[in-house]
Protein chains: 4
Amino acid sequence: MERSACLLFQCNDKVGIIAELVSFFKAHQVSISRFEEYTDQQYFFARLEWHGDHPWGSVAEFDDVFKTITGQFEGARHRTYFFDQPQRLGLFASKEPHTLIEAINRTEAGDYPNTEICFLISNSPAMEKYAVRHGIPFHFIKTFKDPARHEEQQLEMIRQYQPDVIGLARYMKILSADFIATAKCPIVNIHHSFLPSFIGAKPYELAYQRGVKLIGATSHYVIPALDQGPIIEQGVIRVQPGDSVEHMKRIGREVEKQVFAQALGKVLQHKTITYDNKTIVFN
Amino acid sequence: MERSACLLFQCNDKVGIIAELVSFFKAHQVSISRFEEYTDQQYFFARLEWHGDHPWGSVAEFDDVFKTITGQFEGARHRTYFFDQPQRLGLFASKEPHTLIEAINRTEAGDYPNTEICFLISNSPAMEKYAVRHGIPFHFIKTFKDPARHEEQQLEMIRQYQPDVIGLARYMKILSADFIATAKCPIVNIHHSFLPSFIGAKPYELAYQRGVKLIGATSHYVIPALDQGPIIEQGVIRVQPGDSVEHMKRIGREVEKQVFAQALGKVLQHKTITYDNKTIVFN
Amino acid sequence: MERSACLLFQCNDKVGIIAELVSFFKAHQVSISRFEEYTDQQYFFARLEWHGDHPWGSVAEFDDVFKTITGQFEGARHRTYFFDQPQRLGLFASKEPHTLIEAINRTEAGDYPNTEICFLISNSPAMEKYAVRHGIPFHFIKTFKDPARHEEQQLEMIRQYQPDVIGLARYMKILSADFIATAKCPIVNIHHSFLPSFIGAKPYELAYQRGVKLIGATSHYVIPALDQGPIIEQGVIRVQPGDSVEHMKRIGREVEKQVFAQALGKVLQHKTITYDNKTIVFN
Amino acid sequence: MERSACLLFQCNDKVGIIAELVSFFKAHQVSISRFEEYTDQQYFFARLEWHGDHPWGSVAEFDDVFKTITGQFEGARHRTYFFDQPQRLGLFASKEPHTLIEAINRTEAGDYPNTEICFLISNSPAMEKYAVRHGIPFHFIKTFKDPARHEEQQLEMIRQYQPDVIGLARYMKILSADFIATAKCPIVNIHHSFLPSFIGAKPYELAYQRGVKLIGATSHYVIPALDQGPIIEQGVIRVQPGDSVEHMKRIGREVEKQVFAQALGKVLQHKTITYDNKTIVFN
């Protein structure tokens, strides 16, 4: 069966891991076309790609065979992805459409492998037009003081559409720990500052007050602690003398678009491994 | 008398300032060759340069005449610099020589107008060779638990050499509020992080732990609050997956060199105005 | 009458220009809120903005009064723009939609002052959907070997819609000198290389062959000589080892989008002056 | 015997190379600690590092054993480096000292593994002081119309000092094809433009005339065709409106320093493979 696939692997570092990984594929007569590895102190991380014939009918089948490797290395974990599996991206947005538009257009341009956007959820009806233009199911879900009220509706959508990844395209409501645990799929946020500077709702205002010379944007996985999740990508842009908060927001939008789209791309190409609240991002 | 000079001017913003400034010089038959202005909310900032004949024998004489302008505008302050005035730069360093070497070489290359380095003070005798190579007076001043003990010796040097600007080239001791007040001249620090992230002594370690994708450096004026002074310049560099703290320090050195040398240049070219703990930096 | 406006002014450099410009507005009791000037060898360039009351009912009326200034300075030329004048942007595209989408979305987001897109002309029917989504008139114009045949139809559109600016959003046909002369309005192109490297139709292929470590994009005014017009904006992105031409094209698209949108913004905000085949771009 | 080492390997791409390379080391009970590979169309490139015991007493001994691998792959070539081998860097300079100073200081800071500067050759006696400060042998060699006259003296120095790498730190004389062939070691140049734009002696002047918005620097291996060798590293910096050629030269110096020092580092860390007039640069 002709299938392209990739493997993400991590374990505690020790001598001989590279040889074991490579030998496994050789033993199954599968030729590795791309091998990338990193170590960080006591940890080892690798990503392998192969193209062409392979003997495994499904990811589950591969995982079953690959147990012989993971069993050998302490702390071993892996994820496998066959590139012909369709992927579903769910998007959340609030009032600002720029990162949403970018994610939609990159998906439409085919930048993300085998990906379709399965829904757009927003607490603002004004976002509907961006969904309608591209034939994306839109769901207006009003937010309440008690997040359980709107999160239940959101989870109902997630149950129905089964997204593989959720992207928060400048969605400005805090997700509860319960929501994050129940949603199960990775949730990628774009924060409008160079984290860890300027956590919270008003980063451009804080950047203005501190008089920084570069402003930035950060895309990270969402965890219960606000703006504290593993960072996937960051970018910056230069501020000019006298730039107002409004101007910073305008130029910051361009960085947010780039950083969010880049981070989504890495996640959807299965090029990230998280550990110790950090993210290894492969090329 | 043929003299090049510049004026830095700030006041509360209102209509008509540009016209008044320009008219002043026209009335004195001085032709402005460079005019740059910014506003930030309620404030107005300008820098003017002129070359060629002017009627003022000294900065004091200019200031006396210019009072007619500053008197008209609320919150008005100004500084004047004649480019033929020699400038004295005093340097402090500890153990890491890279920003020190950069500052020395830029001075020697003539990047800073009419500037000589008047001393190097260090709490490490290993820094002496960098001073000796360039004929710069070197003073080893041991640090004590009670900063008053070494700061008194440092202030003695400052009294003797009268620096116009002090540059802290990775000087790792905290200067007391008393020292800053007594030294009087502007003090420019290089901090090895992208402030306000990672204040304090171990920024690369903190950046590593947080898993940021860009590390940076910040040059700022020193005020009593640690790493909180008005920012002059910032720069960043990309971290690669698996980069150790040691590697971050190595690539960070290059950003520190650039940012510190750039900030010193702006200060020595009289292209900065501070206000509200921020810095306007002119081109 | 309350109107915001800007003036772009250039002339041969000599002493006293700044004073004359500022005095003119003072004499008409108009307060300049933004003044930015540059010199380049023998030339002087300035851009002034004012907000609030002014005595001029129209640009023509202003120009008539301002003749007293232009008459005084050799080589003087100026352009005036009242910010309440609506502006019409015409777009040309071929097969690649990314810069087109970016220009449309930035216009819709209000990034360009008082601007609407008056038409999209394409030699590919596949571009129609991008126009339809945003309610922009679309015109498919087939290209012929003899450019006069399709350019006549394009000029007919230009006569009908009267664009103030034309943007070539990866339009891949060469415009004749006749077309450029007849169209009259400024034409802004995005070229997919860091000019002057890699002129012509296959820049990514040439960049790949030369083994450059950064690829770029250049937005410039169109003149009859191919890819030789005054440069407005340029950007670059880093190439990784082993990047294919296809990969370069994908990452290059992001630079093209940024550079084209940025250049269009500068033109539509009236922040450019061309001279000697160069462009002064104001902040 | 405990030795750190690296292997650079290239061959025509085919399936199974990674497995063969890894198996070779496994068979010799050597554990690979770093593996990095790229493909470019029909070519395969890899760099491997290992630390700790290995059975080879010398590079020659390793090469002899490794023949079993190179014999299996068409177009196979390799280079091996044991990190305890001292490396000798020879420098050439003319009148501008900035890249020279940077290379000297980076070497002194220990940025390059096990490297000492074995000579500085210059056609300007003013460069002597930069050598003397750091105890580097200095040789003034006058240039003549007939390059054979000074190149013979330069080759005599090369024969005497046996440099592993030569760095041209803004050395402004063209090296003859004969010299390049006779010197044998790799020669790394820094060109003061973003190649392939602005080949030759006056790149900043040409950049100024063309009105580019970014200027750059390029470090490349020297081949007989002027400024046409395989590119190792490039960098750019933004030009401001009205920047003179002189100003471009000043800001360009900083890019030249960074790019040259970075390229030398990659060469001295054995992280480059050249092919088809291109360079693969490993992380």
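Residues numbered from 1 in each chain as written. Chains lettered and ligands numbered in written order. Predicted model: local features only at pLDDT ≥ 70, side-chain atom pairs only at ≥ 80, totals over all residues. Heavy atoms only, no water.

Enquirer: Talk me through the overall build of chain A; I want residue IDs and the actual numbers.
Expert: Check the secondary structure of chain A and you find 8 helices and 13 strands. Computed over the C-alpha atoms, the radius of gyration of chain A is 20 Å, within 12% of the 19 Å expected from 2.2 N^0.38 for a compact globule of 283 residues. Dimensions of chain A, computed from the C-alpha atoms along their principal axes, are close to 60 × 40 × 35 Å. Counted over contacts in chain A with a minimum sequence separation of 6, partners at least 24 positions apart contribute 66%. As presented, chain A carries roughly 11100 Å² of accessible surface, and 51% of it is formed by carbon and sulfur atoms. If you average the places of the 31 positive and of the 33 negative side-chain charges in chain A, the two averages end up 7 Å apart. (Helix = DSSP H or I, 4+ residues; strand = E, 2+ residues; numbered from the N terminus. Rg over C-alpha atoms; globule rule 2.2 N^0.38 Å. Contact = heavy atoms within 4.5 Å. Areas by Shrake-Rupley, 256 points an atom, 1.4 Å probe, with all protein chains shown as cover. Lys, Arg positive; Asp, Glu negative; His and termini not counted. Charge placed at Lys NZ, Arg CZ, Asp CG, Glu CD.)

Enquirer: How would you sum up the relation of the copies chain D and chain B? Please name residues and give values.
Expert: Look at the two chain copies: a rotation about an axis and a shift along it is all it takes to match them. Between chain D and chain B, which share one sequence, the superposing operator has a rotation angle of 180° and an axial displacement of 0.0 Å; the RMSD is 0.0 Å. Such values leave the two copies arranged in the relation of a two-fold axis. Among all residues of chain D, the one whose C-alpha sits closest to the rotation axis is Arg133(D), at a distance of 3.0 Å. (Least-squares fit on C-alpha atoms with pLDDT ≥ 70 in both.)

Enquirer: Lay out the interface of chain B and chain A in plain terms, naming residues and giving numbers.
Expert: In this assembly, 33 residues from chain B lie in contact with 33 residues from chain A. Between chain B and chain A, a total of about 2900 Å² is buried, with carbon and sulfur atoms accounting for 51% of that surface. Looking only at chain B, the three residues that lose the most surface to chain A are Tyr208(B), Arg210(B) and Lys213(B), adding up to 24% of its buried area. Taking the shortest distance from any N to any O, the salt bridge between Arg238(A) and Glu233(B) comes out at 3.0 Å. At the junction of chain B with chain A, the criterion picks out 21 residue pairs in polar contact (both at pLDDT 80 or more). Where the side of chain B that touches chain A is concerned, the elements lending two or more residues are strand S2 (32–40), helix H7 (203–210), strand S11 (231–238) and strand S13 (278–281) of chain B. Looking at which element gives the most residues to the side of chain B that touches chain A, the answer is S11(B), with 7 residues. Of the residues assigned to the side of chain B that touches chain A, the class counts are 14 nonpolar, 12 polar and 7 charged. (Buried area = accessible area lost by both parts, 1.4 Å probe. Salt bridge = Lys/Arg side-chain N within 4 Å of Asp/Glu carboxyl O. Polar contact = N/O pair within 3.5 Å; in protein donor to acceptor, adjacent residues only side chain to side chain. Nonpolar A, V, L, I, M, F, W, Y, C, P; charged D, E, K, R; others polar.)

Enquirer: Break down unusual backbone geometry for me, with residues and values.
Expert: Backbone torsion omega between Leu195(A) and Pro196(A) reads 10°, so that peptide bond is classified as cis. Mapped onto the secondary structure, Pro196(A) falls in the loop between strand S9 (187–191) and helix H7 (203–210). You will see that Asp276(A), though not glycine, has its phi angle at about 45°, which is positive. With a phi close to 60°, Asp227(B) is a non-glycine residue in the positive phi region. With respect to the helices and strands, the residue Asp227(B) is situated in the loop between strand S10 (214–221) and S11. Overall, Asp227(B) belongs to the buried group, its relative accessible area being 7%. (Buried < 20%, exposed > 50% of the residue type's maximum accessible area, 1.4 Å probe, protein only.)

Enquirer: With reference to specific residues and values, describe the domain arrangement of chain A.
Expert: In many analyses, interface size is given as the accessible surface area lost on bringing the parts together. All names here are of chain A. Looking at the assigned domains, one finds that chain A contains domain 1 (4–82) and domain 2 (87–281). Computed from C-alpha atoms alone, the centre-to-centre distance between domain 1 and domain 2 is 31 Å. At the interface, 13 residues of domain 1 touch 13 residues of domain 2. Both faces combined, the contact of domain 1 with domain 2 buries some 1100 Å², and carbon together with sulfur accounts for 57% of it. When the buried surface of domain 1 facing domain 2 is broken down by residue, Phe45, Arg47 and Tyr81 rank first, second and third, together holding 41% of it. Taken together, the connections running from domain 1 to domain 2 amount to 1 salt bridge. Between Asp40 and Lys278 there is a salt bridge, with the nearest N and O atoms lying 3.8 Å from each other. (Domains from an automatic or database assignment.)

Enquirer: So what about helix H2 (residues 59–70) of chain B? Which residues, and what values?
Expert: All names here are of chain B. Regarding H2, the residues found buried are Val59, Phe62, Phe66, Ile69 and Thr70. Angularly, the buried residues of H2 cover 85° about the axis, an arc narrow enough to put them on a single face. Along H2, exposed side chains directed more than 90 degrees from the buried face belong to Ala60, Lys67 and Thr68. In this fold, the buried residues of H2 make contact with strand S1 (5–12), helix H1 (17–27), strand S3 (43–50) and strand S4 (77–82). (Arc of directions from axis to C-beta.)

Enquirer: How would you summarise the pairing of strand S10 (residues 214–221) of chain D if you had to cite specific residues and measurements?
Expert: Residue and element names in this part refer to chain D. Burial within S10 is extensive, with 8 of its 8 residues counted as buried. The alternating pattern of S10 places Leu214, Gly216, Thr218 and His220 and Ile215, Ala217, Ser219 and Tyr221 on opposite faces, both of which are buried. Bridge analysis of strand S9 (residues 187–191) against S10 gives 4 bridges, and the strand direction is antiparallel. Along S10, the bridge assignment pairs Ile190 with Ser219. Pairing between S10 and strand S11 (residues 231–238): 7 bridges, direction antiparallel. Bridge pairing links His220 to Ile231 in S11. (Pairing = 2+ DSSP bridges.)

Enquirer: Quick rundown of the relation of the copies chain B and chain A? Include the residues and the values.
Expert: The operation relating chain B to chain A is a screw motion whose rotation component is 180°, with 0.0 Å of axial translation and a residual RMSD of 0.0 Å. A shared binding surface is used by both copies, with 100% of the interface residues of chain B retained as interface residues in chain A.

Enquirer: Go over the sheet that holds strand S6 (residues 115–122) of chain A with me, naming the residues and quoting the values.
Expert: Residues and elements named next belong to chain A. The mixed open sheet is built from 7 strands, whose spatial order is S7-S6-S5-S8-S9-S10-S11. Edge positions in the open sheet fall to strand S7 (138–140) and strand S11 (231–238), since each of these has one partner strand only. Neighbour-to-neighbour, the strand axes of the sheet open up by a mean angle of 20°, direction not taken into account. Against the sheet, helix H5 (residues 147–161) makes contact with strand S5 (87–93), S6, S7 and strand S8 (165–169), and its axis sits at roughly 165° relative to S6, the strand it touches most. Across the face of the sheet, helix H8 (residues 245–268) comes into contact with S5, S6, S8, S9, strand S10 (214–221) and S11 while running at roughly 155° to S11. (Axes fitted to C-alpha atoms, helices over the stretch in contact; angles between N-to-C directions.)

Enquirer: An account of the pattern of salt bridges is requested, with residue identities and associated values reported.
Expert: In the structure shown here, the tally under the stated rule is 76 salt bridges over all chains. Of the charged contacts in the structure, one is a salt bridge between Glu102(D) and Lys257(B), with a shortest N-O distance of 2.5 Å. On the criterion of chain membership, the pair formed by Glu102(D) in helix H3 (residues 98–108) and Lys257(B) in helix H8 (residues 245–268) is interchain, its members lying in two chains. Accessibility assignment for this pair places Glu102(D) and Lys257(B) in one class, buried. The structure contains a network of salt bridges with shared partners spanning Glu102(A), Arg106(A), Glu254(C) and Lys257(C).

Enquirer: Just give me the short version of the packing of helix H1 (residues 17–27) of chain D against helix H2 (residues 59–70) of chain D, but keep the residues and values in it.
Expert: Residues and elements named next belong to chain D. Orientation of H1 relative to H2, taken along the N-to-C sense of each, is 135°, at an axis distance of 10 Å. Overall, the two elements H1 and H2 adopt an arrangement that is oblique. When the axes of H1 and H2 are compared, the crossing they make is right-handed. On H2, the residues that touch Glu20, Leu21, Phe24 and Phe25 of H1 are Phe62, Val65, Phe66, Thr68 and Ile69. (Parallel < 35°, antiparallel > 145°, perpendicular 65-115°, else oblique. Left-handed = near helix turned anticlockwise from the far one by under 90°.)

Enquirer: Which residues make up a nonpolar patch on the surface, and what values do they have?
Expert: All names here are of chain A. A contiguous nonpolar patch, built from Ile174, Ile199 and Leu226 and spanning about 260 Å² of accessible area, is present on the exposed surface. The topology assignment puts Ile174 in the loop between S8 and helix H6 (177–183). We classify Ile174 as exposed; its relative accessible area is 57%. (Patch = residues over 30% accessible without salt bridge, like charges linked within 9 Å, V, L, I, M, F, W, Y side chains within 5 Å.)

Enquirer: Requested: an account of the side chain of Arg106(D), with residues and values cited.
Expert: Checked against the element boundaries, Arg106(D) lands in helix H3. Sequence-distant contacts of Arg106(D), that is, excluding residues within four places in its chain, are made with Glu254(B), Lys257(B), Asp111(D), Tyr112(D), Gln258(D) and Ala261(D).

Enquirer: Explain the sheet that holds strand S9 (residues 187–191) of chain B to me, using residue names and the numbers behind them.
Expert: Residues and elements named next belong to chain B. Taken in spatial order, the 7 strands line up as S7-S6-S5-S8-S9-S10-S11 in an open sheet, and their pairing is mixed. Of all strands in the sheet, those bounded by a partner on one side alone are strand S7 (138–140) and S11. Mean inter-strand twist for the sheet, computed between neighbouring axes without regard to direction, equals 20°. With 3 bridges joining them, strand S6 (residues 115–122) and S7 adopt parallel strand pairing. Paired with Ser122 across the bridge in S7 is Phe140. Each of strand S5 (87–93), S6, S7 and strand S8 (165–169) touches helix H5 (residues 147–161); the most contacted strand, S6, lies at about 160° to it.

Enquirer: Can you explain the interface of chain D and chain B? Please cite residues and give values.
Expert: If you look at the interface, chain D gives 16 residues, while chain B gives 16 residues. Here chain D and chain B share 8 salt bridges between them. With its nearest N and O atoms 2.8 Å apart, the salt bridge here joins Glu108(B) to Arg133(D). Taken together, the links from chain D to chain B amount to 11 residue pairs in polar contact (both at pLDDT 80 or more).

Enquirer: Give me the environment of Phe9(D): which residues, what numbers.
Expert: Residue and element names in this part refer to chain D. Tracing the backbone through its elements, the reader meets Phe9 in strand S1 (residues 5–12). The class of Phe9 is buried, set by a relative accessible area of 0%. Each C-alpha atom of the pair Phe9 and Phe83 lies 17 Å from the other, and the pair is 74 residues apart in sequence.

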